[in-house]
Amino acid sequence: MRSPFGQWYETAGVRTGARRMFAQETEAGKVFYPERLVPYLDHEALAGLPPERRRELTVRHLYQFLLSTTHLETRVVNTTAELIANNRAGLDLPVSARLDAFKVYCDEGYHALYSLDLAGQIADATGIAIPPWDYGGFVDRLELTGRALLPDAPALVPLLQTVVFETLITAVLNEIPNDPSVVGVVRDLTRDHAKDEGRHHRFFSGFFAELWTGIDPGLRAPVARTLPALVHACLTWDVEPVRASLLLAGLDAATADQVVADCYLGEAAAGQLADTCQATVRTFQSAGVLDVPGAAEAFAAHHLLPSPQNPPGRPPSPQDASGHPPPPQDISGRLPSPQDPPVQHPTTRHPSSPRP
């Protein structure tokens, strides 16, 4: 069976990587996080902020990425990786696939470790404290939303949520490693992370193909029509760290709320949604989800379909924006057949990624 982890022992960061250490480079004009990737820095309400406050905002935005990694990797992704690895996911998986899930588990734990490590190093070097953001509200909302959307198939929820998180395209992992304006340790860490996540993308794309095949035919239609709302829930930005950072920068509460609303909610986020989700939607399309009656319409209603230049019917290629080859379909197994759930589609605000 083909595995994306064939060279894991020789190439995975947790196996071969060195501890990334901060070296002072800011005197040379390098930054901890590029301003162009902070959505609110161009907002008119921040026009009068002094350079030092703007710098602190970029550092705290980097903390958002690092802290969300520590929490989401261990509390969401590794919850599913453990289910797969210990054969508790409702699928009859071969040992090789379970071993691959344990490799995901090791990788994600290491990502959490070095993300918090780097945050601590930067806090020591800059004097900018690490805020006490634990993303508990976001994690709790994921669980509650999943239960509401698939009340009669709760075992599917963490599996589907993890597939979404592990197949997204994020600007941080795509752009920062190649940005010479960013300090070397941040570039190196995000490059390390991206390499591992490429393997995870392929694993979970293949896992979803077999998960979908194993779902009882009577359950596929409600699941297919529910997936867009589930994706929305995964991508709805946790804005509390953003608001807290703006308050620390000196904005009053009303202004901070307005900046958050302008930059993260409503139409501001809708334009990013299809781009962020395009690899995830292709994973679903490749498995046949969009062939289910009503599924394509549900994805379109949630603004999840790709642009006309890259429609969902077009097969993915190795040159697609995700940087990953077409998903393998080589994990076998069957899922138990729960009764069809009553599907509801609650209104959700237009999201962005929970990670910066």
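Refer to the structure printed above.
Numbering of residues starts from 1 in every chain and runs along the sequence as written. Since the coordinates come from a predicted model, pLDDT governs what is reported: local features require at least 70, and pairs of side-chain atoms require 80 or more to be given and counted, while whole-chain, interface and lining totals use all residues. Values shown for side chains rest on all heavy atoms present in the structure; no hydrogens or waters enter the calculation.

Novice: Explain helix H3 (residues 51-85) to me, and be specific about the residues and the numbers.
Specialist: Numbered from the N terminus, helices here are DSSP runs of H or I no shorter than four residues, and strands are runs of E no shorter than two. For a helix, the expected span equals 1.5 Å multiplied by the residue count minus one. Taking 1.5 Å per residue, 35 residues should reach 51 Å; H3 reaches 48 Å between its end C-alpha atoms and fits that length. Values of bend correspond, residue by residue, to the angle between axes fitted over the seven residues ending at that residue and the seven starting there. At Asn78, H3 is deflected by roughly 40 degrees, the largest bend along its length. Whether a residue is buried, partly exposed or exposed follows from its accessible area with a 1.4 Å probe, protein chains only, as a fraction of its type maximum: under 20%, in between, or over 50%, in that order. Most of H3 sits inside the fold, with 27 of its 35 residues counted as buried. Asn87 sits one or two positions beyond H3 and adopts a positive phi of about 60 degrees.

Novice: Explain the packing of aromatic side chains to me, and be specific about the residues and the numbers.
Specialist: We call Phe, Tyr and Trp rings a pair once their centres come within 6.5 Å, taking the six-membered ring for Trp, and we label the pair stacked below 30 degrees between planes, edge-to-face above 60, and tilted otherwise. In total, this model carries 12 aromatic pairs according to the counting rule given. Here the aromatic rings of Trp8 and Tyr9 are separated by 5.0 Å at their centres, their planes lie at 80 degrees, and the arrangement is edge-to-face. Relative accessible area serves as the criterion here: at 5%, Trp8 is assigned to the buried category. By relative accessible area, which is 48% here, Tyr9 ends up partly exposed. On the numbers, 6.3 Å between centres and 65 degrees between planes, the contact of Phe138 with Phe165 is edge-to-face.

Novice: A description of the pattern of salt bridges should follow, citing residues and the corresponding values.
Specialist: Any carboxyl oxygen of Asp or Glu that lies within 4 Å of a side-chain nitrogen of Lys or Arg is treated as forming a salt bridge with it. In this structure the tally under the stated criterion is 14 salt bridges. When the shortest N-O distance is used, the salt bridge between Glu143 and Arg147 registers 2.5 Å. A residue pair is termed a helical-turn pair when its members lie 3 or 4 positions apart in one helix, as Glu143 and Arg147 do in helix H5 (residues 136-149) at 4 residues. Taken together, the shared-partner salt bridges connect Arg20, Asp188, Arg191 and Asp192 into one network.

Novice: Mind laying out the packing of helix H6 (residues 156-166) against helix H9 (residues 217-235), listing which residues take part and the relevant values?
Specialist: Look at H6 against H9: their axes get within 10 Å of each other, and the N-to-C directions meet at 55 degrees. With respect to H9, the axis of H6 lies oblique. Two packed elements cross with a definite hand, and for H6 against H9 that hand is right-handed. Of the residues in H9, those touching H6 at Leu156, Leu160, Gln161, Val164 and Phe165 are Leu219, Val223, Leu227, Leu230, Val231 and Cys234. Tallied by class, residues from the contact of H6 with H9 come to 10 nonpolar, 1 polar and no charged. For every element, the axis is a line fit to its C-alpha atoms; helices are fit only across the contacting stretch, and the angle between N-to-C directions ranges from 0 to 180 degrees. Working definition: roughly parallel below 35 degrees, roughly antiparallel above 145 degrees, roughly perpendicular at 65 to 115 degrees, and oblique for all remaining angles. Crossing handedness follows the turn of the near helix against the far one: under a right angle anticlockwise gives a left-handed crossing, and clockwise gives a right-handed one. Here, two residues are considered to be in contact whenever any of their heavy atoms come within 4.5 Å of each other. Amino acids are sorted into nonpolar (Ala, Val, Leu, Ile, Met, Phe, Trp, Tyr, Cys and Pro), charged (Asp, Glu, Lys and Arg) and polar (every other residue, Gly among them).

Novice: An account of the environment of Thr26 is needed here, citing residue identities and associated values.
Specialist: Turning to its location among the elements, Thr26 is positioned in the loop between helix H2 (13-16) and H3. The class of Thr26 is partly exposed, set by a relative accessible area of 25%. Spatially, the C-alpha atoms of Thr26 and Val183 are 7.3 Å apart, while their sequence positions differ by 157 residues. Those residues in contact with Thr26, other than ones at most four positions away along the chain, are Phe32 and Val183.

Novice: I'd love a proper account of the nonpolar core, names of residues and values included.
Specialist: To qualify as a nonpolar core, a set must consist of buried Ala, Val, Leu, Ile, Met, Phe, Trp, Tyr and Cys residues joined through side-chain atoms within 4.5 Å. Grouped together as the largest cluster of nonpolar side chains are 57 residues, with contacts concentrated most on Leu156, Leu160, Phe208, Trp212, Leu227, Phe284 and Val289. Of all the secondary-structure elements, those providing two or more residues to this core are H3, helix H4 (95-126), H5, H6, helix H8 (184-214), H9, helix H12 (267-287) and helix H13 (295-301). Grouped together as the second largest cluster of nonpolar side chains are 44 residues, Val182, Val185, Ala256 and Val260 included.

Novice: Quick rundown of the environment of Gly250? Include the residues and the values.
Specialist: Within the secondary structure layout, Gly250 lies in the loop between helix H10 (240-248) and helix H11 (253-264). Since its relative accessible area comes to 61%, Gly250 is described here as exposed. For the pair Gly250 and Arg53, spaced 197 residues apart in the sequence, the C-alpha separation amounts to 8.3 Å.

This is a description of form; function is not addressed.
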